[in-house]
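Here's the letter readout for the chains.
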6 protein chains.
Amino acid sequence: MKLLVVNPNTTASMTKLIGAAARAAAGQGVEVIAVNPASGPVSIEGYYDEAFSVPGLLGEIAQGEKAGIDAYVIACFDDTGLEAARCIASAPVIGIGEAAFHVASLLGHKFGVVTTLSRSIAAIETNLLKYGLERRCSKVRACEVPVLELENPASGARAKLSAQIELAKHEDGAEAIVLGCAGMADLAASLAAEHGLPVVDGVAAAVRLAEALVALGHRTSKIGAYAAPVAKPFKGIFESFGVG
Amino acid sequence: MKLLVVNPNTTASMTKLIGAAARAAAGQGVEVIAVNPASGPVSIEGYYDEAFSVPGLLGEIAQGEKAGIDAYVIACFDDTGLEAARCIASAPVIGIGEAAFHVASLLGHKFGVVTTLSRSIAAIETNLLKYGLERRCSKVRACEVPVLELENPASGARAKLSAQIELAKHEDGAEAIVLGCAGMADLAASLAAEHGLPVVDGVAAAVRLAEALVALGHRTSKIGAYAAPVAKPFKGIFESFGVG
Amino acid sequence: MKLLVVNPNTTASMTKLIGAAARAAAGQGVEVIAVNPASGPVSIEGYYDEAFSVPGLLGEIAQGEKAGIDAYVIACFDDTGLEAARCIASAPVIGIGEAAFHVASLLGHKFGVVTTLSRSIAAIETNLLKYGLERRCSKVRACEVPVLELENPASGARAKLSAQIELAKHEDGAEAIVLGCAGMADLAASLAAEHGLPVVDGVAAAVRLAEALVALGHRTSKIGAYAAPVAKPFKGIFESFGVG
Amino acid sequence: MKLLVVNPNTTASMTKLIGAAARAAAGQGVEVIAVNPASGPVSIEGYYDEAFSVPGLLGEIAQGEKAGIDAYVIACFDDTGLEAARCIASAPVIGIGEAAFHVASLLGHKFGVVTTLSRSIAAIETNLLKYGLERRCSKVRACEVPVLELENPASGARAKLSAQIELAKHEDGAEAIVLGCAGMADLAASLAAEHGLPVVDGVAAAVRLAEALVALGHRTSKIGAYAAPVAKPFKGIFESFGVG
Amino acid sequence: MKLLVVNPNTTASMTKLIGAAARAAAGQGVEVIAVNPASGPVSIEGYYDEAFSVPGLLGEIAQGEKAGIDAYVIACFDDTGLEAARCIASAPVIGIGEAAFHVASLLGHKFGVVTTLSRSIAAIETNLLKYGLERRCSKVRACEVPVLELENPASGARAKLSAQIELAKHEDGAEAIVLGCAGMADLAASLAAEHGLPVVDGVAAAVRLAEALVALGHRTSKIGAYAAPVAKPFKGIFESFGVG
Amino acid sequence: MKLLVVNPNTTASMTKLIGAAARAAAGQGVEVIAVNPASGPVSIEGYYDEAFSVPGLLGEIAQGEKAGIDAYVIACFDDTGLEAARCIASAPVIGIGEAAFHVASLLGHKFGVVTTLSRSIAAIETNLLKYGLERRCSKVRACEVPVLELENPASGARAKLSAQIELAKHEDGAEAIVLGCAGMADLAASLAAEHGLPVVDGVAAAVRLAEALVALGHRTSKIGAYAAPVAKPFKGIFESFGVG
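Note that this is a predicted model, so its numbers are computed, not measured.

## Observations concerning the environment of Asp201(C)
Residue and element names in this part refer to chain C.
Point 1. Structurally, Asp 201 can be placed in strand β9 (residues 199–201).
Point 2. Overall, the relative accessible area of 8% leaves Asp 201 in the buried class.
Point 3. Residues Asp 201 and Lys 110 lie 91 residues apart in sequence; the distance between their C-alpha atoms is 16 Å.
Point 4. When neighbours within four sequence positions are excluded, Asp 201 is seen to be in contact with Ala 185 and Ala 188.

Right, here's the structure in full:
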C-alpha cells in the first residue's frame, strides 16, 4: 500500500525526519511517501500558521488521489485541514493528533498531552472536544520550546518535556503521555523508559492506524460531513483548485 | 467607527447584499466596509470550500489593520477562519454564526438553527460545541437549498426555510431560530412575523455585537490562544503573508 | 431608547454608582434610568438574599412595562430573577453576569471570574452551566471582600482582586477576566491595564448588549419558558402583583 | 421526628391533599405538618409564580426552625427556593423534584418526566442539569393540564398523563416515570400498574428521603453554598425577614 | 422488612463489621442480614478483584430472592455487580457508593470522595459518570491505605483520611465528604465533627435509601436495562446459576 | 505475533465463526488463536450474563500470558471484563465494541450502533460514555434478534439489521454504522454496499487495532487504573485465580 504522509509546513528537513519516523513505524509492504507543500509557513504554531498550510496540504492530497494513494497522514499535531482533506480523499485520512489520542485512550484511563508552545493549547483542547476525548485527557501542557528548536540540542527540549511529563503523572493523574508535536517523535521511546508509562508519538500512531483502516477496507463516509465538495469556480491564486 | 465586514467567498453580488444588510443593521456613525477576497471559492459549502477562503479572508483583515479598522465581522455562518483572524487583528473579530448563537441564547431557553445544505450541519454542531452553546441549541436543520440558490425565487428557499422552522418549533422545542447562512438575512423579519418567534440573522447580530465590543473598549486577549503569530518565513504563493 | 437598570438590592448609594457606570457605558440617545426596589436586602450575597430581592425587582420591571421601557438590565452578578423578569417583560432583559460571560467568551479561549465571597461561587457556577458557558470559564474565584466593603478603601479590595486575577491568569489559564459584582465596575479599566488582558465589567457589558438587542428589534420569545404568566390570584403581601 | 412539608403556593385545598399524601408515605413516628404561606400565588406555573412563592416559603421555614423541625420538604416540583431554604435551615431540606429524580435514577437506566404545562419544561431541564442527572432523564414531557385542573375530573388529566407515559416508554426509552407536579400524587400507583413500570411521586419520595437523612444524622453543609446568610438589614415589606 | 447486605469480598470479619454498621443505621423493624460469598477475593481493590466477587455476590442475591428479601445492599464502594444484581432481583438493589453519592449531593453543592488506593480512582470516576453525578464531585482522592489495613491502628488510616479531607475542603471546594470504602464506616462521625462538614458513610446511606425504596413500594424497572435474564444454559463451574 | 481472541461466551460454534472472522481480518504473520472459557453462559445478553463470563475470560487471559501472547481481543460487543483483563495482561487488550467505536469515529462525523436486543442498549451507552465517544454516536438501536438467532436464516436478522441501518442514516444522521454483536461480522460488507456507508465490524477492527498497538510497541499503562492486581488469597471456586 502507498501511504502519503503530508507535513503541512514547508520545512523540508522536518519532512525528512517525519518521513523517517513514519518509515520506521510502518509495516511491511507499506511505501511511505513524505511530502510537504511548496507554499505555506515554515512551521505551524497557532491558528494563523495553520490557515496558510491548508491549501498546500489539500493540493498534496489532490495529487495523491491521482497517484492512487491508499491512505493519508496529516503530520501536524493540530490535525490541520483534516476535515477538508477527508472531503476530497477517497482513501482514509488520519491526523497525528487524533491518532495519538485514540491510541493513548486504549492504554490507560487518562492521558496527558505535552505540546510545544502554550498558544497551541486551545487548538488541542478544541480538537479533544471535537473528537469526544476531552474527558480522557488529564491536561494539555506546554514545554515552551518552539517547533523548529526541538531539533536544537541547546534548546533543552528533552529535559523540558521530561519535566512536564513528571507533572502530568504526579499532579494530573496521567497514565499515558501523548507528545504534542510531530518533531518530538524521536524522543518517545526514551521518555517512555524514563517515566515508566506509554509515550505515544502521533506520527507512528497515525501510520499504523492508517494501515489498519486500509486493511479493513474502510473509507471515509461520503454521505454527510465529508461529502465530496460541490463543483464550483475558485478564483484568483486558487483557480486551479476548483473541483468543477 | 469603521467596521470591516468580510464575505469570505468571492461572489461580489453576495458581498453587496451582505454589505447592505450590515449597513441596515448598523448604528449611527458606523462606516460599514464590505469586502471579499479576490482568491477563493464563489460560495462556502463545507470544509473544503472553507479552507480556500481563509487565506484571502486573512489578507483582507491584514489590510484592515493597516487601514485602522475598529472591528471585523466574518460574514460566513461557519465562522470560517475566526480564530486565525483574531490572532492578527488588534480590533475585535466576530463571526456571524457565533454572533447569532449568543444573541439567540439571550432570547429563549433553546434556539434552533436552519442552514442551507446538510453537509454543513457537522461544522455548525462543532462550532456550537466549541463556543459552549450546544445544549442551548435544540437541533441544527438544513433546508437543502444551495447558498447561491437562495437569491433565486425558483429555488423555493423561503418556503423550505419556513417548513424547517415549523419543525424546529413543534418537534424540537426551539423558542428562537437562527438563520444559518449570510444569504438569508433578508428573510429574517418576515419569518419571525410568520412564526411568532425571534428569528436571528447573523449579519445584523454580528454588526451590533461588534459595535458593542468597540464601545466597551474591549479587544481580543493576546496572552493565549489568540497571541500574535510568531514571526517566520512563508513560502510560495503565501510568501507575502509572512508576519516577520 | 429608555434603558431601565435595576439594582435588585436596596442600597441607594450602590444604585447611584451602578447608574453612573451604566450611563458611562451607554451609547448616544440612550436614557439610563437606575432604580432599586423599596423592599429587600441591602446587598445580595448568596441564595437567601437573592430570594428577597426578586419580588421588588419584578415590581420595578412591571412599572417599566407601563412606562414604555425598551430594555432592562438586572444589575446583580447572580442574574437574580432573570427568568421571571423575562416572563413579564415584552422588552429584552439581560443580567450583568450573563452579559459579562457572553462578552468575555468573544475575547479569549477561556475567561476567569473573580467574585466577592466564596459563598457566591456555587450560584455563579450554576449560572454558567445554565447558560452553557461552563467550559469557557477556567475557574470562579472569590476575593473574600463583602459587597458593601468594595467601596471602602480600607477593605483592600483592589489588591485582593488583583491577586486573584494573577492566579486566574497563571494557574487557571484565563485569557480574560470577568468581575463578579456590580460594585467592581470602576476597577475594570485599571485592572485590565495592570494585567494586560481584557477585564469585563458586567454593567457596561449588559448596557451595550441591551442596546444591541433593541437595535436588532429582538424581543424575548414568548412561546416557551418565558411565556407571559398565567393570570391567577396572588394573596397576602403580594396581592397587587397578580397578573389576572 | 417532625417533618414540615411546605406547599409554596397559597391554595389550602392543595396543601391538604399534599399533607395527606405525605402522611400516607411517612414512616412510623413521623409527624407531618403541612403548611402553605399566606402570601403568594395560588399555583406555581413558571418562573414568575415561583418568584413570589419563595419569600413566604422561607418564612415558613424560619418558623420551622424555631419550632424544632427535623426536616423540610418543599412540595413544588420546580424545587422552588430550595437553595435559599437550605441557607436558613439547620435541618435537611429536600425538594420533591430533586427527590423524585434521585429515586427514579435508582430504579432504571433512564427516567422520563411528565409535568403539567410545557412552560415548566425549561425550569425542570435546568434543575436536572443543576443536580447532574440530565443524562439520566430521557425527556421532559408536558400533559398540558394546569395545576389546579388536575383535581377536576373534566380535565381528562389522568388520560393525558397516561398518553404521555406511553410515549415516554416507547419513543424515549424511559424505564421509570417521574410525575412532574405535587398534585399528581394520587395517580402514581394506578399509572404504575397500567404501564408496568415504576411511577415516582415526588411528595412521597421526598418524605422518605427526608426521613433517611434525619435517621443518618446528616445536616446541610454550612461551609459553602448553603452557609447561613450574612446578617444585614432588610427593607420594606421584608423588614422582618432580616437575619441580623 | 428483611434487608440483605452483601459484602462481596470473602473476609468474614469485615462482613461482621459491615453488618454491625448496617444494623446501627437501620430503622425499627428492619432485619439486617449480612453475608458474603464463599468464593472470591478477600478484599476488592481494583477491577480484577471485582470480577471474581460478582458471581458469588449474585449467588447470594439469588438465595435472597428465594428467602423473600425486601431490599439488597451491595457493600463494596465500587458498587460491584450492581447492574447484574438488579437483573435478577425483584426487590430494589442499592450500592453503597451510589447511595453515598446521592445522599452527599443533597447536603452540599459539591462533595469530595476519599478512597483507599489510587488504583480505585478510575472505577469511582467511571461510576460517577455513569450515575450522572460527576459534576457534583469535586475530586476523588486516595489515602493509600489498603482495605484490610483500615482496621489496623498501625496503618495510620484515620490520620491519612483526615489529611485528604482537609485537602478536599480547602483545595477542591468540597462541602461534604464521601468515605470511599465500606471499611471506613466507623470513622464517619468523628471525621465529620473534626472537619465541620457532613461525612457520608455508604453503608448507612444505602441501608436508609433501601428502606425508603421499600417503604415507597418501588421496585427496579424490568422493561429495559434490568430486565430479567434470558433463560439459557450456563456451563462449567457456573452450571447451577443458569436462569432457565 | 500471537493474537488471542477470547469469545467470552461458551458457544464453541460462535468461537469458530469469530476465529474465522479474525483470521480473515488479520495481517500477515499474525497467528490468531480463538478460544472461549469452559465456564459461563452460552451467550451474553445483558449484565447478568456478562458477570458470569468474566472469570472464565480472565482465566483464558492468564493462560495467554504464560503462552507469550502479544495482544488480546475480547470478542463480545459489551467489552465484557475489559478493565480487569488489562490489569493482568502485560500485552495490550482491546474490546470489539471499543475498537469499532474508535474506527467508526475516524470515518464520519457521527456513527450509529445497531445491536441485538434492546436490553443491551444501556450497557453500550454506558461504554460510549466511559470511552468518551457518546457525542460521536447518533443513537444505539436494537434489531431485536437474539445473539444465537443471528446465524439462523429464519430469524430475518439481515433484513431487520438493514431496516435499523436505514433509520440510523435517515432519522439519526449516522454517517457510519457499527454492528453491535460479534456474531454480525459476516454481514458487514454486504450491508455497507447496500447502504453506501462504512459498516464497522468490531472483530476485524479489534484485530487490526491490536496489531497496530503491538507494532507500535505500546503496552497498557501499569501506573494507575490497570496496575497489576494486589497479591491476595481467593477463596472457594476461584481459589486457583489468586495472584499471590
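## Observations regarding the environment of Ser138(F)
Residues and elements named next belong to chain F.
Point 1. Along the chain, Ser 138 falls in strand β7 (residues 137–142).
Point 2. When the C-alpha positions of Ser 138 and Lys 110 are compared, they lie 5.8 Å apart, and in sequence the two are 28 residues distant.
Point 3. Not counting residues up to four positions away in its chain, the partners in contact with Ser 138 are Lys 110, Phe 111, Gly 112, Asp 172 and Ala 174.

## So, the packing of aromatic side chains
Point 1. Per the stated rule, a full pass over the model turns up 63 aromatic pairs over all chains.
Point 2. Relative to Tyr48(D), the ring of Phe234(C) has its centre 5.9 Å away and its plane inclined at 50°; by these criteria the two rings are tilted. Note that Phe234(C) is positioned in strand β10 (residues 234–235) and Tyr48(D) in helix α2 (residues 47–66), a pairing that runs across two chains. The residues Phe234(C) and Tyr48(D) share a single accessibility class, namely buried.
Point 3. Consider the rings of Phe238(E) and Phe241(E), whose centres lie 6.1 Å apart with planes at 75°: the pair is edge-to-face.
Point 4. Taken together, the ring pairs in this structure connect Tyr48(A), Phe52(A), Phe234(A), Phe238(A), Phe241(A), Tyr48(B), Phe52(B), Phe234(B), Phe238(B) and Phe241(B) into an aromatic cluster.

## Some words on the relation of the copies chain F and chain E
In summary, the two copies of the chain are related to each other by a rotation about an axis coupled with a shift along it.
Point 1. Mapping chain F onto chain E calls for a rotation angle of 180° and an axial translation of 0.0 Å; the resulting RMSD is 0.0 Å. Such a turn and shift between the copies fits a two-fold axis.
Point 2. With an isologous cut-off of 70% or more, the 98% of interface residues of chain F that recur at the interface of chain E puts this contact in the isologous class.

## Regarding the nonpolar core
Among soluble globular proteins, nonpolar side chains are generally buried collectively.
Point 1. Within the largest apolar cluster, 563 residues are counted, with the highest numbers of intra-cluster contacts made by Phe101(A), Phe101(B), Phe101(C), Phe101(D), Phe101(E) and Phe101(F).
Point 2. In this structure Phe101(F) touches Phe77(F), Phe111(F), Val113(F), Ile124(F), Leu128(F), Tyr131(F), Leu133(F) and Val178(F), once residues within four positions along its chain are discounted.

## Focus on the interface of chain E and chain D
Point 1. The partner chain D presents 42 residues to the 42 residues of chain E that form the contact.
Point 2. Buried surface at the junction of chain E and chain D, both sides included, amounts to about 3400 Å², of which 63% is carbon and sulfur.
Point 3. When the buried area of chain E at its contact with chain D is split by residue, Leu106(E), Leu107(E) and Ile223(E) rank highest and sum to 19% of it.
Point 4. Summed over the shared surface of chain E and chain D, the result is two salt bridges.
Point 5. Among the salt bridges present, the one from Arg135(D) reaches Glu134(E), with a minimum N-O distance of 3.1 Å.
Point 6. If you look at where chain E meets chain D, you find 15 residue pairs in polar contact (both at pLDDT 80 or more).
Point 7. For the side of chain E that touches chain D, the per-class residue count stands at 22 nonpolar, ten polar and ten charged.

## Concerning the interface of chain F and chain E
It is common to report an interface's size as the accessible area lost on association of the parts.
Point 1. Counting from both sides, the interface comprises 43 residues of chain F and, opposite them, 42 residues of chain E.
Point 2. Summed over both partners, the interface of chain F with chain E buries about 3800 Å², with 71% contributed by carbon and sulfur atoms.
Point 3. Looking only at chain F, the three residues that lose the most surface to chain E are Tyr48(F), Phe52(F) and Arg119(F), adding up to 20% of its buried area.
Point 4. Our enumeration of links across chain F and chain E arrives at four salt bridges.
Point 5. The salt bridge partner of Lys232(F) is Glu45(E), with a shortest N-O separation of 2.7 Å.

## Focus: the pairing of strand β4 (residues 71–74) of chain E
Residue and element names in this part refer to chain E.
Point 1. Judged by which residues are buried, β4 turns out to be covered on both faces: Ala 71 and Val 73 on one side and Tyr 72 and Ile 74 on the other are all buried.
Point 2. Pairing analysis gives three bridges linking β4 to strand β5 (residues 93–95), with the strands arranged parallel. Directly across from Tyr 72, in β5, lies its bridge partner Val 93.

## Let's talk about unusual backbone geometry
Residue and element names in this part refer to chain E.
Point 1. A positive phi angle, near 55°, is found at Asp 79, a position not held by glycine.
Point 2. Mapped onto the secondary structure, Asp 79 falls in the loop between β4 and α3 (82–88).
Point 3. We classify Asp 79 as buried; its relative accessible area is 4%.
Point 4. Backbone geometry at Glu 144 places phi at a positive 60°, although glycine is not the residue there.
Point 5. With respect to the helices, strands and loops of the structure, Glu 144 is situated in the loop between β7 (137–142) and α6 (157–170).
Point 6. Relative accessible area serves as the criterion here: at 42%, Glu 144 is assigned to the partly exposed category.

## Thoughts on the sheet that holds strand β8 (residues 176–180) of chain A
Strands in a sheet are paired, the pairing made by backbone hydrogen bonds, and the direction either parallel or antiparallel.
Residue and element names in this part refer to chain A.
Point 1. Strand order in the open sheet made by the four strands is β7-β6-β8-β9, with parallel pairing throughout. Looking at the sheet topology across the chains shown, the edges are occupied by β7 (137–142) and β9 (199–201). Recorded for the sheet is a direction-independent mean angle of 25° between the axes of neighbouring strands.
Point 2. Of the pairings in the sheet, the one linking strand β6 (residues 111–115) to β8 comprises five bridges and is parallel in character. Within the sheet, the bridge partner assigned to Gly 112 lies in β8 and is Ile 177.

## Focus on the sheet that holds strand β8 (residues 176–180) of chain B
Residue and element names in this part refer to chain B.
Point 1. If you walk across this open sheet you meet the four strands as β7-β6-β8-β9, and the pairing is parallel. The open sheet terminates on both sides in strands that have one partner only, identified here as β7 (137–142) and β9 (199–201). With direction set aside, neighbouring strand axes in the sheet form an average angle of 25°.
Point 2. On top of the sheet, helix α4 (residues 96–105) reaches β6 (111–115), β8 and β9; it is set at about 150° to β6, its chief contact.
Point 3. Against the sheet, helix α5 (residues 121–131) engages β6 and β7, with an angle of about 160° to β7.

The rules behind the values
- Residues numbered from 1 in each chain as written.
- Chains lettered and ligands numbered in written order.
- Predicted model: local features only at pLDDT ≥ 70, side-chain atom pairs only at ≥ 80, totals over all residues.
- Heavy atoms only, no water.
- Helix = DSSP H or I, 4+ residues; strand = E, 2+ residues; numbered from the N terminus.
- Buried < 20%, exposed > 50% of the residue type's maximum accessible area, 1.4 Å probe, protein only.
- Contact = heavy atoms within 4.5 Å.
- Phe/Tyr/Trp six-rings, centres within 6.5 Å; stacked < 30°, edge-to-face > 60°.
- Least-squares fit on C-alpha atoms with pLDDT ≥ 70 in both.
- Core = buried A, V, L, I, M, F, W, Y, C linked by side-chain atoms within 4.5 Å.
- Buried area = accessible area lost by both parts, 1.4 Å probe.
- Salt bridge = Lys/Arg side-chain N within 4 Å of Asp/Glu carboxyl O.
- Polar contact = N/O pair within 3.5 Å; in protein donor to acceptor, adjacent residues only side chain to side chain.
- Nonpolar A, V, L, I, M, F, W, Y, C, P; charged D, E, K, R; others polar.
- Pairing = 2+ DSSP bridges.
- Axes fitted to C-alpha atoms, helices over the stretch in contact; angles between N-to-C directions.

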